[in-house]
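What follows is each chain in one-letter form.
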Amino acid sequence: MKIPFNKPYMTGKELFYIAEAHFNGMLAGDGPFTKKCHTWLEKETGTQKALLTHSCTAALEMAAILADIQPGDEVIMPSYTFVSTANAFVLRGGVPVFVDIRPDTLNIDESKIEAAITPKTKAIVPVHYAGVGCEMDTIMEIAKRHNLLVIEDAAQGVFAKYKGKTLGTIGHLGAYSFHETKNVISGEGGALLINDARFIERAEMIREKGTNRSQFFRGLVDKYTWVDVGSSYLPGEVIAAFLWAQLEDAGNITQRRLNIWEHYHRGLHALERQGVLARPITPSHCQHNAHMYYILLNSLDARTKLIAQMRKQEIYPVFHYVPLHSSPAGKKYGRAHGEMTHTNDLSDRLLRLPMWTGLEPQMEQVLSVVFDHVDSKVVPISKGRS
Ligand SMILES: *Cc1c(COP(=O)(O)O)cnc(C)c1O
């Protein structure tokens, strides 16, 4: 049976809540379901203010406006990330400054951030790869000393933790994704988490086309008018209704993903010991959310061969990213600071195994195909000689 890379999980209540939104007769943004999602996110994550957006990309764009990025301002981030991390700042004329990743977690190497700071640096954007937290204590300390903002790209880190704190709530601002390929979904969707109260009022205006609509509805101002730059960053109620079903079930979704993750991890231990692949590393102070399970093969060639073999069996693993510093737009709009050794090396060797809630009956099949076809670079001597 075909095993796709991702299959969106439905809790069963999505259509019920969508029907309720339909019945409520309020379909634009910020209706009852949006408010429920906001309250839930604030309570569960501990952020001061959560605002639903139509994507994590939108939340990052809002963060770039809130950070007051001006043409030429620099923003430090990993090169090993999704394009939206950089695009949001480039849209404001900002310059992404790419720093290499750590070989263990594949997160930005915090020890290389300080050397990349210039008088033009405005913000640091750590990306919590695979839902494993970046070294936030060090990053926050550097930001404080240099008076920089920290915007967490927590697209993959929804409900994961670093030293007991939920990812996305540690920096000044955090961005979540509810895209269909993430853990908790609404098709397209996201949220901006505001952890520094001075950004709340402006964030509400930016999200509502630069108007004071939120204040107007609260009776704080008597005229609803254009007061700032902004765009339409809020989702409609049908999306929020869908998301509400998922948030209610978030604990269960995360737990089921963690079980699959653990099964893969235990199952691949033997191959790691043989030296034919490496498994993910999670520092003990990080609690991940099983957003993905990846393996690191010994070479690009070994990866290419394994993918071909898996596809033959109708199993569809994927890899990413083309490092941003080597992409056409990354070269045009950004620059690399220092060597990109680990970024270049690991992006060639990483492979993501199928990971979705409901995969349980087929996870053994994925493992057995990896066992049968992984390129055993470490050939036992007797076998190699015969
Ligand atoms: C998925 C993802 C995004 C974009 O999320 P959307 O909700 O699709 O806009 C941004 N950054 C990272 C690291 C991601 O994985």
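The rules we used
Numbering of residues starts from 1 in every chain and runs along the sequence as written. Totals for whole chains, interfaces and linings use every residue, but because this is a predicted model, local features are given only for residues with pLDDT of at least 70 and side-chain atom pairs only at 80 or more, for both listing and counting. Note that water and hydrogens are dropped before the side-chain values are worked out from all heavy atoms of the structure. Strands here mean DSSP runs of E at least two residues long; helices mean DSSP runs of H or I at least four residues long; both are numbered from the N terminus. A helix is expected to span 1.5 Å for every residue after the first. In this scheme, a residue with accessible area under 20% of its type's maximum is buried, one over 50% is exposed, and one in between is partly exposed, where area comes from a 1.4 Å probe on protein chains only. Taking the helix axis as origin, the arc is that swept by the directions to the C-beta atoms. Any two residues whose heavy atoms approach within 4.5 Å are treated as being in contact. We call a set of buried residues a nonpolar core when its members are Ala, Val, Leu, Ile, Met, Phe, Trp, Tyr or Cys and they connect through side-chain atoms within 4.5 Å of each other. The axes used here are C-alpha line fits, helices contributing only the stretch in contact, and every angle between their N-to-C directions lies in the interval 0 to 180 degrees. What sets the label is the angle itself: under 35 degrees gives roughly parallel, over 145 gives roughly antiparallel, 65 to 115 gives roughly perpendicular, and the rest give oblique. The hand of a helix crossing depends on one turn: near helix anticlockwise from the far one by less than a right angle means left-handed, and clockwise means right-handed. Residues were grouped as follows: Ala, Val, Leu, Ile, Met, Phe, Trp, Tyr, Cys and Pro as nonpolar; Asp, Glu, Lys and Arg as charged; and all remaining residues, including Gly, as polar. By definition, two strands form a pair when at least two bridges between them are found by DSSP. Near residues are defined by distance, with any heavy atom within 4 Å of the molecule or strand qualifying the residue. In protein, a polar contact requires one atom able to donate a hydrogen and another able to accept it; more generally it is a pair of N or O atoms within 3.5 Å, and residues adjacent in sequence count only if both atoms are side-chain atoms. Areas reported as accessible are Shrake-Rupley estimates using a 1.4 Å probe. Residue values count occlusion only from the protein chains shown. With its strands directed away from the observer, a crossover is right-handed exactly when the path from the first strand over the helix to the second travels clockwise. pLDDT is a residue-level measure of predictor confidence that goes from 0 to 100.

A.B. asks: I'm lost on helix H11 (residues 300–312) in this one. Help?
C.D. replies: In an α-helix there are 3.6 residues to a turn, and that puts residues three or four apart on one side. Spanning 13 residues, H11 covers 19 Å between terminal C-alpha atoms, matching the ideal 18 Å at 1.5 Å per step. When H11 is considered as a whole, its buried residues turn out to be Ala302, Arg303, Leu306, Ile307 and Met310. Around the axis of H11, the buried residues are gathered within 130° of arc, so they sit on the same side. Packed against the buried residues of H11 are strand E12 (293–297), helix H13 (341–349), strand E14 (350–353) and helix H14 (363–373).

A.B. asks: Is there a simple way to explain the nonpolar core in this structure?
C.D. replies: Soluble globular proteins tend to bury their nonpolar side chains together. Counting residues in hydrophobic clusters, the biggest one holds 44 residues, and the most contacted among them are Leu41, Phe159, Tyr176, Phe178 and Leu247. Sorting the residues of this core by element identifies helix H1 (14–24), helix H2 (32–45), strand E1 (49–53), strand E3 (95–99), helix H5 (136–146), strand E9 (190–194) and helix H8 (237–248) as the ones contributing at least two each. Considering every element that reaches this core, the biggest residue donor is H8, with 6 residues. Counting 34 residues, the second-largest nonpolar core is a separate cluster that includes Cys56, Ala58, Met62 and Ile200.

A.B. asks: Help me understand the packing of helix H3 (residues 56–66) against helix H6 (residues 200–207) in this model?
C.D. replies: Each packed pair of helices is defined by two parameters, the angle between the axes and the distance between the axes. The interhelical angle for the contact between H3 and H6, taken along N-to-C directions, is 125°, at an axis separation of 10 Å. One finds that H3 runs oblique with respect to H6. Viewed along their axes, H3 and H6 form a crossing whose handedness is right-handed. In contact with Met62, Ile65 and Leu66 of H3, H6 contributes Arg202, Ala203, Ile206 and Arg207. The residue inventory of the contact of H3 with H6, partitioned by class, reads 5 nonpolar, no polar and 2 charged.

A.B. asks: How do you make sense of the sheet that holds strand E8 (residues 173–177) when you look at a structure like this?
C.D. replies: Picture the strands of a sheet paired through backbone hydrogen bonds; they go either parallel or antiparallel. Across the sheet, which stays open at both edges, the 8 strands sit in the order E1-E9-E8-E5-E4-E2-E3-E13 with mixed pairing between neighbours. The sheet terminates laterally at E1 and strand E13 (335–336), the two strands that pair on one side only. Where H2 meets the sheet, its contacts fall on E1, E8 and E9, and the angle it forms with E1 comes to roughly 135°. Each of E1, strand E5 (149–153), E8 and E9 is contacted by H3, which is oriented at about 165° to E8, the strand it contacts most.

A.B. asks: Explanation requested: the environment of Phe159 in the structure shown.
C.D. replies: Positionally, Phe159 belongs in the loop between E5 and strand E6 (161–162). Residue Phe159 is classed as buried on the basis of its relative accessible area of 16%. Between the alpha carbons of Phe159 and Thr45 there is a distance of 7.1 Å; along the sequence they are 114 residues apart.

A.B. asks: Would you mind showing me how to read the site of the ligand here?
C.D. replies: With respect to spatial proximity, 15 residues lie near the ligand, and among them Cys56, Thr57, Asp153, Ser177 and Lys182 are the closest. Within the side chain of Thr57, a nitrogen or oxygen atom sits 2.5 Å from an oxygen atom of the ligand. In isolation the ligand has 390 Å² of accessible area, and contact with the protein removes 92% of it. Its residues placed into classes, the shell around the ligand shows 5 nonpolar, 8 polar and 2 charged.

A.B. asks: Even after reading the chapter, I still don't get the pairing of E5, so can you show me in this structure?
C.D. replies: Taken residue by residue, a regular strand's side chains alternate between the two faces of the sheet. Summarising burial for E5: 5 of the 5 residues are buried, a large majority. Neither face of E5 is open: one carries Leu149, Ile151 and Asp153, the other Val150 and Glu152, and all of them are buried. For the handedness criterion, the β-α-β arrangement of strand E4 (residues 121–124), H5 and E5 is classed as right-handed. When E5 meets E8, the two strands line up parallel, connected through 3 bridges. When the bridges of E8 are listed, Glu152 appears paired with Gly174.

A.B. asks: Sorry if this is basic, but what is going on with the confidence of the model for the protein chain here?
C.D. replies: Confidence in the prediction for the protein chain averages 96 pLDDT; 98% of positions are at 70 or higher. Contacts for the low-pLDDT stretch residues 379–386, under 50 throughout, to residues beyond four places or in other chains number 1 contact.

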